[in-house]
Amino acid sequence: MTTSFSSLPIVDVGALNNGNEQDLASLSKTLYSVFTTTGFAYLINVPFSFDHDEIFQLARDFFGLPLERKMRLAKKSFRSENDNTYRGYFPTQPLTASDNLKEGFEIGSPRTQPVVQSSLGSRKINLSEPNVWPNEAEFPSRSRLEQIYDELQTFASQLLSLLAVSLGKDRDYFSSWLQYSLSTLRLLHYPIVPQGKLEYAKGDSEDNSVKLSCTPHTDSGILTLLHQDATPGLEVLNASGQWVPAPYVPGSIIVNIGDLMAKVSGGRFTATMHRVRSPPPKSTPQADACSRFSIPFFFEPGEMCIVRPLNGGGEAVAYGEHVRKKMSTWVEFQDDSGYDTT
Ligand SMILES: O=C(O)CCC(=O)C(=O)O
Ligand SMILES: [Fe+2]
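Reference entry: report on the structure contained in this document. Just so it is clear, the model here is predicted, and its values are computed rather than measured.

What counts and what doesn't
- Residues numbered from 1 in each chain as written.
- Chains lettered and ligands numbered in written order.
- Predicted model: local features only at pLDDT ≥ 70, side-chain atom pairs only at ≥ 80, totals over all residues.
- Pairing = 2+ DSSP bridges.
- Helix = DSSP H or I, 4+ residues; strand = E, 2+ residues; numbered from the N terminus.
- Axes fitted to C-alpha atoms, helices over the stretch in contact; angles between N-to-C directions.
- Near = placed C-beta within 6 Å.
- Nonpolar A, V, L, I, M, F, W, Y, C, P; charged D, E, K, R; others polar.
- Buried ≥ 20, exposed ≤ 12 C-beta atoms within 10 Å, placed from the backbone.

**Observations regarding the sheet that holds strand β11 (residues 274-277)**
- Spatial strand order, β6-β11-β8-β9: 4 strands in an open sheet with antiparallel pairing. Here the strands that pair on one side only, and so sit at the sheet edges, are β6 (212-217) and β9 (243-245). Averaged over all pairs of adjacent strands, the angle between strand axes in this sheet comes to 25°, irrespective of strand direction.
- Judged from the 3 bridges that link them, strand β8 (residues 234-237) and β9 form a sheet pairing that is antiparallel. Bridging across to β9, Val 236 finds its partner in Val 244.

This is the structure in structure tokens:
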């Protein structure tokens, strides 16, 4: 259960670099405490070869491509002649999702994954399909993004080991989950919403004039590592029903628990609801436009990984089934021929 927190805790993960056993044990306890209360935290001293500026420059480079080039990478639901169903680009959908106004580019594992035929059947979405990329000349950063994917996967796996220990298991308890992991690195861009097109959040008792670019949700997987830029917007729901802002803290990333890990922990860890407010509109035509970029990394097990609560209660489910069920609520998997061409 979440608590009535008023800000997110900041956790120093430097112990993962120094490898000191006592520090690691203490970090494991801290993570347990955070994930059983807020479900969300800032992490500092993260062990990456890239910094904030570099990763957001890559996102700006991608979204700066002409729409027609990005649409060549669009998922089949947006461009029927394309083969990719799960990885690739999705455009903004102002007609069906004006309170979810975002474009995105999604990358799975850089390594080829075996297609799980038995789970594919007649289904439209192939969770294990290869990535699609712009050509090298228009976007030379493919290998850098693949490297970033791998670094995020390694770091998330280290956190998972600490979570296993915090739940009374061996460090390697969840390792088998990660064969053919479906983790997704998602570049996101929330454009400025033109005045007059702003959608109001429904049933928001706290403030009826909230404009959203990403509706309230929990993430599906094990945990999410989020890079966000300095444009505010992310808000996290506390136990009192208040939306607590979670703006960028310089040098940090955010971590939050997904549904899967909440389930496996028998409800001890909490998958906390969050949403994103629309970037503020330009106050005058001369004012600087300040659209928002964010880069979540959804850390996920393999499609066939069987997930069951550690305490033995509840039903066992294959992760692929869990994620397919959840997908029906994701805006980028709802067809919309009226994608934004502006
Ligand atoms: O943009 C953000 O800050 C959060 C995005 C998010 O929650 C998501 O994509 O699941
Ligand atoms: Fe999310």
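**What about the site of ligand 1?**
- The local shell around ligand 1 consists of Leu 188, Cys 214, Asp 219, Leu 226, Gln 228, Leu 234, His 274, Val 276, Ser 294 and Pro 296.
- Contributions of two or more residues to the shell around ligand 1 are made by β7 (223-228), β11 and β12 (292-299).
- Counted by class, the shell around ligand 1 contains 6 nonpolar, 3 polar and 1 charged residues.

**Things to note about the pairing of β11**
- The alternating pattern of β11 places His 274 and Val 276 and Arg 275 and Arg 277 on opposite faces, both of which are buried.
- In terms of strand pairing, β6 meets β11 through 3 bridges, oriented antiparallel. By the bridge assignment for β11, Cys 214 is matched with Val 276.
- As judged from the 3 bridges shared by β8 and β11, these two strands associate in the antiparallel manner. Following the sheet pairing, Glu 235 is matched in β11 by Arg 275.

Nothing here speaks to function; it is all geometry.
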